[in-house]
Amino acid sequence: MEQLIKDILVDACGSEQVLEDGVDLLDSGLLDSLAFINLLMALEDEGIDIQPTQVDRNCFRTVEGIIDLVKKLQ
Amino acid sequence: MFLERFYENMRQNPQKIAVQQGEHTLSYQQLWQEACSLAAFLQEEGRSPVLVYGHKHPRMIISLLACLLCGRPWVPCDHSLPIGRMAEIARLCKAELLLLPEEAPQPLSLQKVKTMTWEDIPNSLTWTPPAYHKVTVAYIMFTSGTTGQPKGIPISIGNVENFAAWLLSHQELAAPAQRVVVNQANLSFDLSVADWCAALLSGGTLLLTTKEEQFQLGRFFQQVRQHQGALLVCTPTFLRLCLCDRSFCAQSLPSLQAVFLCGEPLSVPTAAQMKQRFPSLSLFNAYGPTEATCAVCGLLIQPQHLSQQQLPVGDLSHAAVTITLKDGEIYLDGDSVFKGYVGQPPLQGPYPSGDLGFIENGLLYCSGRRDSQIKYLGYRIDLEEIRQVLEKLPGIQQAVVTAQRDANGTVRRLAAYITPSLDGEVLRLQLREKLPSYMVPSLFLPMEQLPLSSNTKAITR
């Protein structure tokens, strides 16, 4: 599961940089609006349904935050 | 006509809320009085363009109206602009005054520019109406330019009036504009001209929404619901983001009657999804460059358009200007078109937009650009400007900036190819001092990895 989410994130943001330690996905601009839309749509294709209004967008600052969020939703 | 109409709306309904942002409100009367008071000061103070550095505080709209009242150009600078860029803007338009309507995120002082907070402004002066001309500059907006500098676009009162008359000639937009118009765009981005024109000229309320509210979509929807937003003005990217949430639908936002979209292409799937979520909503797709005041044409998307490959961007029988095609390029001529860039010779003849297009059954379609300009997240970016700024950074010998696109042709991200290879994180920080964040590439790669192509134009697009 963790690997799947990492793969989806790299694909949505278009950069391996998202997996580097200490990267803030939001501040760095890696996860901008378009990447965020792509991420949500790719997760939905995997049966993971994230409604932006149901979660704190700050969960998307790090890869770990996104993985934790997905685990919580399952 | 702009000020007369605003004044008439104020006379008819002085207590009506003109501007709302969170808990801040301004009635038509308050807005008028505060604008007159500020205009009186600005009139005495000088003649130069007035830089206003803020985000979505209602005072931004007071400063806009005050500038219109005294005939000094309004130069809105959103908090997202880096100081380096603000300095360039001040220098290019020879601004001598900077207003701070709200607390700035960073300390700011610009050479040869007097900085004033709201509290510094005396309010004991009396405004005297100046002589108006249609050619008086209403505002100057800056966009990305090919020369490595931002490009200043002065828009006259006459341009704004022509655009507003066209906008409000569409009943599907004019009716909800009398209620509440929801703003999304930064005020330094000319899409916002549509929301303030629509609200203030129709006697409606302008609901300004902040970056923080848009970041937490639930808060944005709550604002629309609480204040009964009727007309949403936004970019297609923002609409796509809203659609990621199932609660963006007619049942949950029953007040929403129309959406005005401009700034980048609207895709068929997004329009179709929108029609499904809001079956009776008017979806208005518009087109126009900043040089021709927000939008020059548009149309209501109808079910039959959804079966096409791409959506039309305007009905030529009802455009704000004269639109012609020359060698596939869209040319614009008429009362919404500006007279020339800041510091450059005046425009001669119709304005060549640089956009490529075609006409079918009286409808205009866009098919790309003839230069290195792209649209990313609704923002207009000239890749050449980023390249030039990069090449001025210490250590960089050569740079190429490209836009990476997905299968639908939508720009997904910006990539910079540089030589010699330097730490991307360091470059990113340096660029952020000079360029807005949406212009800072997310990838920095060594030049050797640049996709080879015999045509350098193709790879920079």
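Residues numbered from 1 in each chain as written. Chains lettered and ligands numbered in written order. Predicted model: local features only at pLDDT ≥ 70, side-chain atom pairs only at ≥ 80, totals over all residues. Heavy atoms only, no water.

A. Spatial organisation of the overall build of chain A. Counting its secondary structure elements, chain A contains 3 helices and 0 strands. In summary, chain A has a C-alpha radius of gyration of 11 Å against a globular reference of 11 Å for 74 residues, a match within 12%. Seen through its C-alpha atoms, chain A measures out along the principal axes to roughly 25 × 25 × 20 Å. A buried classification covers 50% of the 74 residues belonging to chain A. By sequence separation, contacts in chain A at least 24 residues apart represent 53% of the contacts at least 6 residues apart. Approximately 3600 Å² of chain A is accessible, and the part contributed by carbon and sulfur atoms is 42%. Looking at charge distribution, chain A has the averaged site of its 5 positive side-chain charges lying 7 Å from that of its 16 negative ones. (Helix = DSSP H or I, 4+ residues; strand = E, 2+ residues; numbered from the N terminus. Rg over C-alpha atoms; globule rule 2.2 N^0.38 Å. Buried < 20%, exposed > 50% of the residue type's maximum accessible area, 1.4 Å probe, protein only. Contact = heavy atoms within 4.5 Å. Areas by Shrake-Rupley, 256 points an atom, 1.4 Å probe, with all protein chains shown as cover. Lys, Arg positive; Asp, Glu negative; His and termini not counted. Charge placed at Lys NZ, Arg CZ, Asp CG, Glu CD.)

B. Fine view of helix α9 (residues 217-226) of chain B. All names here are of chain B. Looking at α9, one finds that the buried residues are Leu217, Phe220, Phe221, Gln223 and Val224. All buried residues of α9 project into a common sector of 155° when viewed along the axis, lining one side. In this structure, the buried side of α9 is in contact with β9 (180-183), β10 (205-208), α8 (211-215), β11 (231-234) and α10 (236-243). In the stretch just after α9, Gln228 is the one whose phi turns positive, near 60°. (Arc of directions from axis to C-beta.)

C. Geometry of the packing of aromatic side chains. What the rule picks out here adds up to 20 aromatic pairs over all chains. Each ring, one from B:Phe2 and one from B:Trp196, has its centre 6.0 Å from the other, and the planes form 75°; the classification is edge-to-face. Residue B:Phe2 is found in helix α1 (residues 2-12), and its partner B:Trp196 is found in helix α7 (residues 192-202); the two are separated by 194 residues along the sequence. The same class applies to B:Phe2 and to B:Trp196, which are both buried. Three or more aromatic residues link up through ring pairs in this structure, and these residues are B:Phe6, B:Tyr7, B:Tyr28, B:Trp32 and B:Trp127. Over the ring of A:Phe36 we find A:Arg57, and its NZ or CZ is 4.0 Å from the ring centre. (Phe/Tyr/Trp six-rings, centres within 6.5 Å; stacked < 30°, edge-to-face > 60°. Lys NZ or Arg CZ within 6 Å of the ring centre and 35° of its normal.)

D. Local environment of the pairing of strand β12 (residues 258-261) of chain B. Residue and element names in this part refer to chain B. Going residue by residue along β12, you find Ala258 and Phe260 tucked away on one face and Val259 and Leu261 tucked away on the opposite face as well. Two elements, β11 and β12, share 4 bridges in a ladder whose sense is parallel. By the bridge assignment for β12, Leu231 is matched with Ala258. With α10 bridging β11 and the parallel β12, this β-α-β connection has right-handed handedness. Pairing of β12 with strand β13 (residues 282-287), which is carried by 4 bridges, proceeds in the parallel orientation. Each bridged residue has a counterpart across the sheet, and for Ala258 the counterpart in β13 is Ser282. (Pairing = 2+ DSSP bridges. Right-handed = clockwise from strand over helix to strand, strands pointing away.)

E. Structural view of the nonpolar core. All names here are of chain B. One finds Trp196, Phe248 and Phe260 to be the most contacted residues of the largest nonpolar core, which totals 175 residues. Formed jointly, this core draws a minimum of three residues from each of two domains, domain 1 (2-367) and domain 2 (373-460). Grouped together as the second largest cluster of nonpolar side chains are 18 residues, Leu81, Ala90, Leu92 and Leu108 included. (Core = buried A, V, L, I, M, F, W, Y, C linked by side-chain atoms within 4.5 Å. Domains from an automatic or database assignment.)

F. How the structure looks around the domain arrangement of chain B. Residue and element names in this part refer to chain B. As assigned here, chain B comprises domain 1 (2-367) and domain 2 (373-460). Relative to domain 2, the C-alpha centre of domain 1 lies at a distance of 28 Å. Facing 25 residues of domain 1, the contacting portion of domain 2 comprises 18 residues. Overall, the association of domain 1 and domain 2 removes approximately 1500 Å² of surface from exposure, summing both partners, and the carbon and sulfur fraction of that is 45%. Considering only the side of domain 1, the residues that lose the most area to domain 2 are Arg85, Ser144 and Thr146, jointly responsible for 30% of the buried surface there. Where domain 1 meets domain 2, there are 2 salt bridges. For Glu291, the salt bridge is made with Arg380, and the minimal N-O distance between the two is 2.7 Å. Linking domain 1 with domain 2 are 8 residue pairs in polar contact (both at pLDDT 80 or more), by the criterion used here. Looking at the side of domain 1 that touches domain 2, the elements that each hand over two or more residues are α4 (83-93) and β8 (151-156). If one sorts the elements of the side of domain 1 that touches domain 2 by residue count, α4 sits on top with 3 residues. (Buried area = accessible area lost by both parts, 1.4 Å probe. Salt bridge = Lys/Arg side-chain N within 4 Å of Asp/Glu carboxyl O. Polar contact = N/O pair within 3.5 Å; in protein donor to acceptor, adjacent residues only side chain to side chain.)

G. View of α7(B). Residues and elements named next belong to chain B. In terms of burial, α7 is a largely internal element, 11 of the 11 residues being buried. Inspection of α7 places Ser192, Val193, Ala194, Asp195, Trp196, Cys197, Ala198, Ala199, Leu200, Leu201 and Ser202 among the buried residues, and these make up the whole buried set. Remark: Gly203 follows α7 within two positions and exhibits a positive phi of approximately 75°.

H. View of a negative patch on the surface. Residues A:Glu20, A:Asp21, A:Glu64, A:Asp68 and B:Asp423 make up a contiguous surface patch of negative charge. Checked against the element boundaries, A:Glu64 lands in helix α3 (residues 63-73). (Patch = residues over 30% accessible without salt bridge, like charges linked within 9 Å, V, L, I, M, F, W, Y side chains within 5 Å.)

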